[in-house]
Amino acid sequence: MNDHSHHPIKLAIAAIGGQGGSVLANWIVATAERRAYQVQATSVAGVAQRTGATIYYIEMMPPEGLVDGEPVFALYPVPGDLDVVIAGELLEAGRAIQRGFVTPDRTALIASSHRVYSTIEKSSLGDGTLDGQVILEVGAKVARRFVCFDMAQAADHTQSVISSVLLGALAGSACLPFSRKDYEASIRADGRAVNASLAGFSAGFAQACAPKSVGNLDITLNDPLCDDTTPPEPFKLPLDEPVAAEILELVYKIEAEIPPPCQELVLEGLRRVVDYQDVDYGKLYLSRLDRFHAPENPDWRLLMAVARLLALRMSYEDTVRVAELKTRPARIRRLRQEVKISAGQLLYTTEFMRPRVEEVCATLPARLGAYILGSARLRAAVSVLFGRGRKIKSNRLPGFLLLYLLASLKRWRRGSYRFVQEDKQINVWLERIQACLPGQYDLALEIARCADLIKGYGDTHARGLDRFNTIMKHLNGAVSTGDSVETVRTLRRAALADEEGVAFTRALSKLNQTQG
Amino acid sequence: MAERSFAKEVLKLRLGAGDEFRGEGILAVTKALLQSGVAYVGGYQGAPISHLMDVLADAQKQGILDEWGVHFESSASEAAAAAMLAASVNYPLRGAVTWKSTVGTNVASDALANLASGGVTGGALIIIGEDYGEGSSIMQERTHAFAMKSQIWLLDPRPNLTTITNLVEHGFSLSEASHTPVMLELRIRACHVNGRFAARDNKKPAMTLSQALETPRRNLDRIVLPPASFLHEQEKISERWPAAVAYIREHQLNELFAGAADQIGIVVQGGLYNTLLRAMALLGCADYFGNSKIPIYVLNVTYPLLDEEIVSFCRNKEAILMVEEGQPDYLEQAFNTILRRAGSDTAISGSDLLPLAGEYTGQVLMDGLRRFLQQRAPQLLQNIATQVGEGVGDELQTEQLEKLVPAIAPRPPGFCTGCPERPVFTAIKMLQEKMGPLHVSGDIGCHLFSIYPPFNIGNTTMGYGLGAAGASAFDGQSNRRAISLMGDGGFWHNGLTSGIGNAVFNQSDRLTIIIDNDYSAATGGQDILSSSAHNSTRSTRHPIEKAVRGVGVKWVRTVRSYNLQQMRANLEEALTTKEKGPKVIVAQSECMLNKQRRVRPQLASDIAAGKRVVRERFGVDPDLCTGDHSCIRLSGCPSLSVKHSDDPLKTSPIAFVDNSCVGCGHCGEVAHAAVLCPSFYKTDIVFNPSWWDRFTAGYRSWIISFLQRRSEKKRLKYVF
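For the structure given in this document, a descriptive report is provided here.

### Side note on the overall build of chain B
Working step 1: Helix and strand content of chain B: 24 helices and 24 strands.
Working step 2: A burial count over chain B gives 61% of its 720 residues as buried.
Working step 3: Sequence separation of at least 24 residues holds for 78% of the intrachain contacts in chain B that already meet a minimum separation of 6.
Working step 4: Accessible area of chain B: about 27,500 Å², with a carbon and sulfur share of 54%.
Working step 5: Across chain B, the centroid of the 72 positively charged side chains sits 9 Å from that of the 73 negatively charged ones.

### Some words on unusual backbone geometry
All names here are of chain B.
Working step 1: Along the chain, Ala47 connects to Pro48 via a cis peptide bond; the corresponding omega equals 5 degrees.
Working step 2: Tracing the backbone shows Pro48 in the loop between strand 2 (40-43) and helix 2 (50-61).
Working step 3: The amide bond that connects Pro226 to the next residue, Pro227, takes the cis arrangement and shows omega of 5 degrees.
Working step 4: Inspection of the secondary structure puts Pro227 in the loop between helix 10 (209-214) and helix 11 (228-250).
Working step 5: Even without being a glycine, Gln252 presents a positive backbone phi close to 45 degrees.
Working step 6: Within the element layout of this structure, Gln252 appears in the loop between helix 11 and strand 9 (255-257).
Working step 7: Note on Gln252: relative accessible area 59%, which makes it exposed.
Working step 8: Although it is not a glycine, Asn456 adopts a positive phi angle of roughly 55 degrees.
Working step 9: As for its position among the elements, Asn456 is in the loop between strand 15 (440-442) and strand 16 (460-461).

### Concerning the sheet that holds strand 19 (residues 555-560) of chain B
Residue and element names in this part refer to chain B.
Working step 1: Pairing is parallel in the open sheet, where six strands are placed in the order 16-15-17-18-20-19. The two strands at the open ends of the sheet, each matched to only one other strand, are strand 16 and strand 19.
Working step 2: Judged from the six bridges that link them, strand 19 and strand 20 (residues 583-588) form a sheet pairing that is parallel. By the bridge assignment, Trp555 is partnered in strand 20 with Lys583.
Working step 3: Contacting strand 17 (483-487), strand 18 (511-516), strand 19 and strand 20, helix 20 (residues 564-576) crosses the sheet at an angle of about 165 degrees to strand 19.

### Description of the packing of helix 1 (residues 21-34) of chain A against helix 7 (residues 180-190) of chain A
All names here are of chain A.
Working step 1: One can describe the packing of helix 1 onto helix 7 by two numbers: an axis separation of 8 Å at closest approach and a directional angle of 120 degrees. Between helix 1 and helix 7, the angle is such that the two are oblique. Note that helix 1 runs across helix 7; the crossing there is right-handed. Residue-level contacts link Trp27, Ala30, Thr31 and Arg34 of helix 1 to Asp182, Tyr183, Ala185, Ser186, Ile187, Ala189 and Asp190 of helix 7.
Working step 2: For the contact of helix 1 with helix 7, the residue count by class is six nonpolar, two polar and three charged.

### What to know about the nonpolar core
Working step 1: Ranked by internal contacts, the top residues of the largest apolar core, which has 76 residues, are B:Leu33, B:Trp99, B:Leu125, B:Ile126, B:Ile127 and B:Met183.
Working step 2: No other element matches helix 1 (residues 25-35) of chain B, which puts seven residues into this core.
Working step 3: One finds A:Val243, A:Leu443, A:Leu445 and B:Leu649 within the second-largest nonpolar core, a separate group that totals 67 residues.

### As for the interface of chain B and chain A
Working step 1: Taken together, the 138 residues of chain B in the interface contact 145 residues of chain A.
Working step 2: At the boundary of chain B with chain A, the tally comes to 11 salt bridges.
Working step 3: The partner of A:Arg334 in a salt bridge is B:Asp621, and the shortest N-O contact between them spans 2.6 Å.
Working step 4: At 15 residues, helix 24 (residues 691-716) of chain B tops the list of elements feeding residues into the side of chain B that touches chain A.
Working step 5: Here the side of chain B that touches chain A is composed, by residue class, of 69 nonpolar, 39 polar and 30 charged.
Working step 6: Of the pairings in the sheet, the one linking strand 9 (residues 346-353) of chain A to strand 24 (residues 680-687) of chain B comprises six bridges and is antiparallel in character. Across the sheet, residue A:Thr350 finds its bridge partner in strand 24 of chain B, namely B:Lys682.

### Concerning the environment of A:Val243
Working step 1: Within the secondary structure layout, A:Val243 lies in the loop between strand 8 (217-219) and helix 9 (245-257).
Working step 2: Assessed through its relative accessible area of 17%, A:Val243 is described here as buried.
Working step 3: Once the C-alpha coordinates of A:Val243 and A:Thr54 are considered, the two residues, 189 residues apart in sequence, prove to be 55 Å apart.
Working step 4: Those residues in contact with A:Val243 that lie beyond four places of it in its chain are A:Pro238, A:Leu248, B:Val719 and B:Phe720.

### Focus: the pattern of salt bridges
Working step 1: On inspection of all chains with the given rule, the structure shows 80 salt bridges over all chains.
Working step 2: Note that A:Arg463 is salt-bridged to A:Glu499, the shortest N-O span being 3.2 Å. Residue A:Arg463 is located in helix 21 (residues 458-477), and its partner A:Glu499 is located in the loop between helix 22 (484-497) and helix 23 (502-515); the two are separated by 36 residues in the primary sequence.
Working step 3: Overall, the relative accessible area of 25% leaves A:Arg463 in the partly exposed class.
Working step 4: Overall, the relative accessible area of 8% leaves A:Glu499 in the buried class.
Working step 5: A network of salt bridges, in which partner residues are shared, links A:Asp275, A:Arg321, A:Glu324, A:Arg328, A:Lys410, B:Glu712 and B:Arg715.

### What to know about the packing of aromatic side chains
Working step 1: Applying the stated criterion to the full structure yields 26 aromatic pairs over all chains.
Working step 2: With 5.7 Å between their ring centres and 45 degrees between their planes, A:Tyr281 and A:Phe419 make a pair best called tilted. Within this pair, whereas A:Tyr281 is found in helix 11 (residues 279-289), its partner A:Phe419 is found in helix 19 (residues 417-435), the two being separated by 138 residues in sequence. Neither residue differs from the other here; A:Tyr281 and A:Phe419 are each classed as buried.
Working step 3: An angle of 35 degrees between the planes, with centres 4.9 Å apart, marks the rings of B:Phe21 and B:Phe197 as tilted. Here B:Phe21, found in strand 1 (residues 20-24), pairs with B:Phe197, found in strand 8 (residues 194-198); they are 176 residues apart in sequence, far enough to count as distant.
Working step 4: Within the aromatic cluster, the residues linked to one another by ring pairs are A:Tyr37, A:Phe178, A:Tyr183, A:Phe201 and A:Phe205.
Working step 5: Here the guanidinium or amino end of A:Arg180 rests over the ring plane of A:Phe205, the centre of that ring lying 4.3 Å away.

### A few points about a nonpolar patch on the surface
All names here are of chain B.
Working step 1: On the surface, Trp691, Trp692, Phe695 and Tyr699 cluster together into a nonpolar patch covering about 530 Å² of accessible area.
Working step 2: Here Trp692 is to be found in helix 24.
Working step 3: A relative accessible area of 48% places Trp692 in the partly exposed class.

### Here's the deal with a positive patch on the surface
Working step 1: A surface patch of positive charge is lined by A:Lys391, A:Lys393, B:Arg560 and B:Lys595.
Working step 2: Topologically, B:Lys595 is positioned in helix 21 (residues 592-608).
Working step 3: We classify B:Lys595 as partly exposed; its relative accessible area is 32%.

### Remarks on the side chain of A:Thr460
Working step 1: Mapped onto the elements, A:Thr460 comes out in helix 21.
Working step 2: A distance of 3.4 Å separates polar atoms of two side chains, one belonging to A:Thr460 and the other to B:Ser630.
Working step 3: With sequence-adjacent residues up to four places away left out, A:Thr460 is seen in contact with A:Lys455, B:Asp628, B:Ser630 and B:Leu676.

### Comments concerning helix 6 (residues 103-118) of chain B
Residue and element names in this part refer to chain B.
Working step 1: Given a rise of 1.5 Å per residue, 16 residues ought to cover 22 Å, and the 24 Å separating the end C-alpha atoms of helix 6 matches this to within 8%.
Working step 2: At Ser109, helix 6 is bent by approximately 60 degrees, the largest bend along its length.
Working step 3: Along helix 6, the residues classified as buried are Gly104, Thr105, Ala108, Ala111, Leu112, Leu115, Ala116, Ser117 and Gly118.

### Comments concerning the pairing of strand 5 (residues 124-130) of chain B
Residues and elements named next belong to chain B.
Working step 1: Along strand 5, seven of the seven residues are buried, which leaves the element largely enclosed by surrounding structure.
Working step 2: Alternating positions in strand 5 separate into two faces, Ala124, Ile126, Ile128 and Glu130 on one and Leu125, Ile127 and Gly129 on the other, with burial throughout.
Working step 3: In this structure, strand 4 (residues 95-101) lies alongside strand 5, joined through seven bridges in parallel fashion. The residue bridging Ser101 from the neighbouring strand is Glu130, located in strand 5.
Working step 4: For the handedness criterion, the β-α-β arrangement of strand 4, helix 6 and strand 5 is classed as right-handed.

Rules of the game
- Residues numbered from 1 in each chain as written.
- Chains lettered and ligands numbered in written order.
- Predicted model: local features only at pLDDT ≥ 70, side-chain atom pairs only at ≥ 80, totals over all residues.
- Heavy atoms only, no water.
- Helix = DSSP H or I, 4+ residues; strand = E, 2+ residues; numbered from the N terminus.
- Buried < 20%, exposed > 50% of the residue type's maximum accessible area, 1.4 Å probe, protein only.
- Contact = heavy atoms within 4.5 Å.
- Areas by Shrake-Rupley, 256 points an atom, 1.4 Å probe, with all protein chains shown as cover.
- Lys, Arg positive; Asp, Glu negative; His and termini not counted.
- Charge placed at Lys NZ, Arg CZ, Asp CG, Glu CD.
- Pairing = 2+ DSSP bridges.
- Axes fitted to C-alpha atoms, helices over the stretch in contact; angles between N-to-C directions.
- Parallel < 35°, antiparallel > 145°, perpendicular 65-115°, else oblique.
- Left-handed = near helix turned anticlockwise from the far one by under 90°.
- Nonpolar A, V, L, I, M, F, W, Y, C, P; charged D, E, K, R; others polar.
- Core = buried A, V, L, I, M, F, W, Y, C linked by side-chain atoms within 4.5 Å.
- Salt bridge = Lys/Arg side-chain N within 4 Å of Asp/Glu carboxyl O.
- Phe/Tyr/Trp six-rings, centres within 6.5 Å; stacked < 30°, edge-to-face > 60°.
- Lys NZ or Arg CZ within 6 Å of the ring centre and 35° of its normal.
- Patch = residues over 30% accessible without salt bridge, like charges linked within 9 Å, V, L, I, M, F, W, Y side chains within 5 Å.
- Polar contact = N/O pair within 3.5 Å; in protein donor to acceptor, adjacent residues only side chain to side chain.
- Expected span 1.5 Å × (residues − 1).
- Bend = angle between axes of the 7 residues up to and from the residue.
- Right-handed = clockwise from strand over helix to strand, strands pointing away.

Note that every value here comes from positions in space, so none of it alone points to a role or purpose.
Shown next, in the form of structure tokens:
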């Protein structure tokens, strides 16, 4: 055997099924063949790759190597033996690194920094998304060269697909001995969506070959994940801006009373509740916060938690709020942008609403709402009248007028059934928190955080509220106070663990046993 | 129409001597069949040989198969395909069939055993897509066992197109020389490998099917009935085996590669040759062109083995390494027997140094080979190539990789965007919320993805079309009924009889949901009897409901899959009705992957032609989404994802619908049926609107803007 024979170039594509990995592989094969390379590509097709993680593998023997004979190509990538790894998504880049495909001595890693969340991440009751930053950091350390930017965005801007941007990034990175013209010729020869693909290719090429250097590694341009050089703008209260006098008064109150680290969040909360109802409601919000910025508290965590959750609780979503947000002109502008509507095209929207008896009664005057909800017969009657799924065409007149009318009920919201209920519940919650102070700061914090359980609509909201109330009830019955913090924390986390409440029930019965 | 079209590629089937063929492995096999003068072909789709069926179907549509007098059928099942080979029993007709193995071989084994018993006159070739290792979707087993039990020869060619196509042609001759059917095994990546080989001219079959039909032949000795069946067994040993051995030896189907270190040797299954060579190259024992320091004996035929070849390869060798993938280690056992009988004391390593179970990747072989060389020839390891794995396993790498552990989540395959199977599982999930957990018997097909989050539905899967039969023990013991699932593919494969007929005959009371999406979707969108598309070479549009009623089911409902409320109502009724007898719900809607492939180019050309086109997609209002993700847990659509909110008050990411949305409508249905939240909306984009569209849009937007300005004036006063 010849110890100094030529080597093939080895390239793997880590992709998600349906992302166009085979198109990319075909372009690369065609490009290499154009330069008289002998190429072999393999993949796994079929149901095993539907939307799942999959690997394409390509080996390319340079023409000068072919004098040594007929190459024997491998069908699998071997860890530590790859020249180029292309990943169409950040987590897949991480998976490729984890499999050992990226090594500092030789591998160029070309990856898109965008995330396509896996089902497990996105179906969490809270925030189940994984930390992409770690992958970026590790990628920068283990790759010989790391070209990484948001290629999904580049594809979107050029109305192309990510495979063309990836090909452009590969070309721009100059990892392979092929010229831009070679790659472009392959796209042209393919014949499908040529112009869009070339545009995507150009975008990828430009970003990859004009990188900003971090050490000896090339890391991205405009991706906020990668970009650690721009410091965030320091926060300033809008005291110099032209705002209504009533508002300015409240902003001054924040400046005077709220400690600076919390000002931004409190201002945001204020903004939310004023937008939700009116200036008076904003005043109520700030006055409710009064009791939580006492200087004897050890830190600002409680104030932050209450400020955030109180704003959310005070701006609970009722039909009036939904109707108002759905009819604002800003929303229509956003929709037009989102679907990239162009001149000469029309846009229509349909809203999916299904008010239950509870939602209908929520907006009725408190006593009427309570009366209907208290009577089985009336409940049934209202259900029959309203309890259907409705598709409201919100930019045709009947639909718009209906929503507009609903939104205008805002001025009577304070007298509505739900408002009275919510107001009562908020007060109980706040008092409960306050009762823990100053002695039991951590417990106060835990109780405040339990409000995170109350979100969503319909059944989801009812379920969350039910779990919240169960925790509060449990707290009332708890004998010892020392363990209360841990108890509430355990229950709160269990309540968020799964929808069916398996973990929550388990946690509850365990606690009852130990206390029983 | 299948998911992937080979309309352009099949033209390569017309290449002749002097041309170079370039393309996918599976297309090369088809070319080799034509070069062998095959008279008929059949098979059942399934990865990794689905594309072989697609190539043949496209070649048939373009008349290429007719040019060479080849009859091609999309068989109803692997059993049907295997039975087709009966045409080669009495006539010198060459026939080939193909399927996914071992599952397809399981189904086909009745016909295969009969075929192998009586033996064949014309060459009978079975092309096996060995679905083993990464990318496989089935249980991990070897086809080797079937070859041995029925005495069918097993070819395992080196995975390059030249060897594969040569072995296809030899396979027919070997079959004819030994009157035995032959299996040609292709591993997953070999099926999808692209490469090149020197083409030969296609041949017309020596005898045509019409000649056979017009002059029927009958030979009582070839029929599997006593006493002939006893004769067959004797014949297998005394005549067919020696004939096969003689053919294999004479044509040198197995290959010997010399190497200087001849006190040791490596024996490898042909299909693993390239992986072995790479492992050797990385250890510095071979180059990239097949030149090796160690002698290699390549078994392109793994059954039968050639005793003399083996003994002669091992002569004067201290030890050999047996590279055999999968278990049991049939080859290693056979080698031990052969060598001991021959009085050879050459040691055999294999399952002691290489794993007994699991795929042999480059890394696995490299590790095993390194251990072998450390024991037997450590001097060969001195110049391990420096190019590989310098960073692998060192401290930096290990430390970095550990950091990644919490950042990586598994990404199993799942339902496509807009898939019409999801609503069925949404309905079941919602029903379970009401009725409590249910026993669900799964089947084979995309619908099996219900096992994974977010649906978590399905308790067992027993095989293609066997979803209904898989629940048959649970019947009438409780008020709670079990649910069976079945795809349309599985239904026509065998589910109609094994599931539905079985349930009728046994007076079962269970519910079977048949998912009718117009294609055998999981295998790549091939047409089946109930497909609604017109197919020029197949008879389609035979409704499932009619077949179900035909075997005696009274309670049958055909429901549009996306109609969630109706689906849930029907499910609930089926599980609670007092009516006796099997219940069947046919959940019908076209596979979205295939529909988009069909519709998208059409829409694009309509838009370009100035026709009025409405495109729908869904969205979520970010201000209204509270980030509880209950919609995601009920939908499971890839296009319904999450993003981090700009709103500092919201700590959970909010739901959003990405650009891949195809507007299937499921989001809206879920929002309604599950009383989720009002944040979902649908947008209709009207391309090339008519004058009426523009007129109505004009006055609407005038009135709407007027009202909006009115309320904004008030609101903006307090915006800061």
